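Inside the fold
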Amino acid sequence: MKHRFSFVDSELDVAKRYDLYRKMRPSSVTGSHIIIGKKSLLNLCSNDYLGMPATHISTKQMQSSSRLISGNDESYYTLEKILARHKSQQACLVYPTGYMANLGTISALAGKGDLILSDELNHASVIESCRLSGAKIIIYGHNDMKDLAAKIKPKYKKKYIITEGIFSMDGDYAKMQEIAEIAHKNDAITILDDAHGDFAVGHDGKGTPEKLCSKVDVYISSLSKGLGSFGGYVASEKNVINYSINKSKAFIYTSALPSTLVEHAIRRFGYNRERYQKKLAQNTKTLASGLSDAGITIQSKTHIIPIMIGGESDAMKLGAFLYRNGIFAQPIRYPTVPKGMARIRISVTAWLSRNDIKSALSVFERAAKKFNLTC
């Protein structure tokens, strides 16, 4: 008799055959390094961009259910006021994760009869959120403003333009000013997922819109990247937040972010973040410049630096070489990126010292020659 999960084995065999199989390894992180087994590697995969020191987490009794069921610790209101002010918005709502903030907000606001224009390189959480909404979805070419302007249609009840601020796999900025202009001309609502820009770029870490001198209607972000805490949030007009409280299934029907983590985020926000933001910018400039000097094509202007490889097998070989030489920089493959567009994705953080960057560049210089990465 055929085993009922034989299809699982078949799918896994296919993934292994095409270098798409993934597995997890026990590890621990200490500053700029990650420990895997007995091996210490320079960590170029962390999203803890600002690299602020560890913060104490309280041990008080945690919120254990939906905030609409079991009540609200005062810390939620404190954090939401801080974040609303941080984004120059009227109000804010905290979610357990950034992924759920996207799911909850987009699927609540948009619905049947509406139109969503979504950048083709948007994160999986945005893609799934759009599908859940029931709205008509039209994908526009990545950062292609002519395509966006041509595809926005007048016949829908409500129109939304959704984009990331800094794209998580390519490391480039969205064309926020042009998007805002197109939205204004077509009476469309802009929704921004700024998980990788928030706290890391712009004056006082206010994110991509501030950096690019633009505004958005609905701002969605994560607390687990630049801030180095945990959770997600949406900031917008007060009526949008009240609507989310009443209509967002990802908020209503799940347990709240533990209040201990809410307090942790509040304390992280109070750090001298500007100091770490400057260190991140300097590290990004130094590493990108060094990679370019080694002959590696670098197009990103942000702390996310992809080294484009192409084939999945070639990316895995390069990743293995980096690992053997003390660098933890993961190959990114399909379905995270399109087939044939595999890459090594470097995440720069303020954790990195000058010596860390010098050591990393020495390894990448050798890799550039060995794997023919030069222009």
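Going by the structure above, here's the rest.
Let me sum up the structure you'll find in this document.

**Digging into the overall build of the protein**
Of the regular secondary structure elements, the protein holds 14 helices and 14 strands. In terms of overall dimensions, the protein is globule-like: its C-alpha atoms have a radius of gyration of 21 Å, near the 21 Å expected for 375 residues. The C-alpha extent of the protein, read off along each of the three principal axes, is 60 × 55 × 50 Å. Scored against the burial criterion, the 375 residues of the protein give a buried share of 52%. Nonlocal contacts in the protein, meaning residues at least 24 apart in sequence, comprise 72% of its contacts between residues at least 6 apart.

**A word on a nonpolar patch on the surface**
On the surface, Phe5, Phe7, Val8, Leu12 and Tyr21 cluster together into a nonpolar patch covering about 450 Å² of accessible area. With respect to the helices and strands, the residue phenylalanine 5 is situated in the segment before helix 1 (6-17).

**Quick notes on unusual backbone geometry**
The linkage connecting tyrosine 334 with the following residue, proline 335, adopts the cis geometry, with an omega of 10 degrees. Along the chain, proline 335 falls in the loop between strand 13 (331-332) and strand 14 (342-347). Backbone geometry at aspartate 187 places phi at a positive 55 degrees, although glycine is not the residue there. Structurally, the position occupied by aspartate 187 is in the loop between helix 7 (176-185) and strand 8 (189-193). We note that cysteine 213 has phi near 55 degrees; this positive angle belongs to a residue other than glycine. Take cysteine 213: it is sitting in the loop between helix 8 (208-211) and strand 9 (218-222). For cysteine 213, a relative accessible area of 62% translates into the label exposed.

**Here's the deal with the packing of aromatic side chains**
Under the defined criterion, the tally for this structure stands at 5 aromatic pairs. Over the ring of tyrosine 271 we find arginine 268; its NZ or CZ atom is 5.5 Å from the centre of that ring. We note arginine 273 situated over the ring of phenylalanine 269; from NZ or CZ to the ring centre the distance is 4.1 Å.

About the criteria used
Residues numbered from 1 in each chain as written. Predicted model: local features only at pLDDT ≥ 70, side-chain atom pairs only at ≥ 80, totals over all residues. Heavy atoms only, no water. Helix = DSSP H or I, 4+ residues; strand = E, 2+ residues; numbered from the N terminus. Rg over C-alpha atoms; globule rule 2.2 N^0.38 Å. Buried < 20%, exposed > 50% of the residue type's maximum accessible area, 1.4 Å probe, protein only. Contact = heavy atoms within 4.5 Å. Patch = residues over 30% accessible without salt bridge, like charges linked within 9 Å, V, L, I, M, F, W, Y side chains within 5 Å. Areas by Shrake-Rupley, 256 points an atom, 1.4 Å probe, with all protein chains shown as cover. Salt bridge = Lys/Arg side-chain N within 4 Å of Asp/Glu carboxyl O. Phe/Tyr/Trp six-rings, centres within 6.5 Å; stacked < 30°, edge-to-face > 60°. Lys NZ or Arg CZ within 6 Å of the ring centre and 35° of its normal.

Such coordinate-based values are descriptive only and should not be taken to indicate function.
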